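Structural features, examined
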Amino acid sequence: LEITVTRKAIRKQTAAGKMLEGKIGYVAIDNFHSGAGKETIGEIEKLTEQGAEKLIFDVRDNPGGYVHEMVEVLDYLLPEGPLFRSVSYSGREDLDESDADCLELPMAVLINGNTYSAAEFFAAALSEYDWAVLVGEPTTGKGYYQTTIELGDGSAVQLSTGAYTTPKGVNLTEAGGLKPDVELTLTQIPLSLEEDPQIRAAIREIGE
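Scope of this entry: the structure provided in the associated data block. (Residues numbered from 1 in each chain as written. Predicted model: local features only at pLDDT ≥ 70, side-chain atom pairs only at ≥ 80, totals over all residues. Heavy atoms only, no water.)

1. Focus on the overall build of the chain
Where we set the bar: In this text, helices come from DSSP runs of H or I with a minimum length of four residues, and strands from runs of E with a minimum of two, each type numbered from the N-terminal end. It is over C-alpha atoms that the radius of gyration is taken, and the globule rule equals 2.2 Å times the number of residues to the power 0.38. Note on areas: Shrake-Rupley, 1.4 Å probe, and residue coverage restricted to the protein chains presented here.
Scanning the chain from N- to C-terminus turns up 5 helices and 10 strands. For a compact globule of 208 residues, the expected C-alpha radius of gyration is about 17 Å, and the chain comes in at 18 Å, within 12% of that figure. Its C-alpha atoms give the chain principal-axis dimensions of about 60 × 60 × 35 Å. Looking at the chain as shown, the accessible area adds up to about 11,300 Å², and 49% of this sits on carbon and sulfur atoms.

Here's what the structure looks like:
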């Protein structure tokens, strides 16, 4: 049996938007992999063009991804100031900052125990700027980054070689993760966005 297979990269959409009641735009971000920044900003712009006056970002079960993709979205949303810090064990600090351009709309971010790494810092930055209310469940708290070292026998080890912090310098591991402003645990998988109690809670928070 002979089969011809075409080998190519598979691109999956990482951000998807939808208009909800009350002129609220909902943006689900699956991860911060390559291209996620432009995709997320594109979805935000589509929703604001459709009349969205408030935004809900859903980063539940988002495992993170590339820092520069997360920073690209935060720079679009937030005013001038620090966005993300990394400090190596040698003491070298790298700081990503935002310009003055920003999007001033009421916002909420949905988080849970599987909101991890870059997704946590996305939510943390919006919260520290008082730009968004956090709704959902506490996150795990990833505060360190790793370097992979390949060994001579083909195996490898990963060592933590530095720390990540929020704009205000908080290490999320030491802080025990993010604590939502409105804590609400899902007891079952919602059948639709409209029936999701965490989304309903976010709508109540920004819908007034």
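2. Looking at unusual backbone geometry
The phi torsion at Asp61 lies on the positive side, around 65°, for a residue other than glycine. Looking at the secondary structure, you find Asp61 in the loop between β3 (54–58) and α2 (67–77). Although it is not a glycine, Asp130 adopts a positive phi angle of roughly 55°. Locating Asp130 in the fold gives a position in the loop between α3 (118–128) and β7 (133–136).

3. Brief notes about the nonpolar core
Applied cut-off: Here, nonpolar core means buried Ala, Val, Leu, Ile, Met, Phe, Trp, Tyr and Cys residues that are tied together by side-chain atoms lying within 4.5 Å of each other. The buried label goes to any residue with under 20% of its type's maximum accessible area, the exposed label to any with over 50%, and the partly exposed label to all in between, with areas taken from a 1.4 Å probe on protein chains only. The contact definition used throughout considers only heavy atoms, calling two residues in contact when any of these lie within 4.5 Å.
Judged by nonpolar contacts, the single largest core of 38 residues is most densely connected at Phe32, Phe57, Met70, Leu77, Val109, Phe122 and Leu126. The greatest single-element share of this core, amounting to 8 residues, is contributed by α3. When near neighbours in sequence (up to four residues on either side) are disregarded, Met70 contacts Phe32, Phe84, Ala118, Phe121 and Phe122. Core analysis: the second largest hydrophobic core is formed by 14 residues, Leu20, Ala28, Leu110 and Val133 among them.

4. Regarding the side chain of Asn31
In plain terms, the rule: Counted as a polar contact is a pair of N or O atoms within 3.5 Å, where, for protein atoms, one must be capable of donating a hydrogen and the other of accepting one, and residues adjacent in sequence contribute only when both atoms are in side chains.
Mapping Asn31 onto the fold places it in the loop between β2 (24–29) and α1 (36–49). Here the side chain of Asn31 touches His33 through a polar contact of 3.0 Å, landing on its backbone nitrogen. The residues contacting Asn31, other than those within four sequence positions of it, are Thr14, Ala36, Asn62, Pro63 and Gly64.

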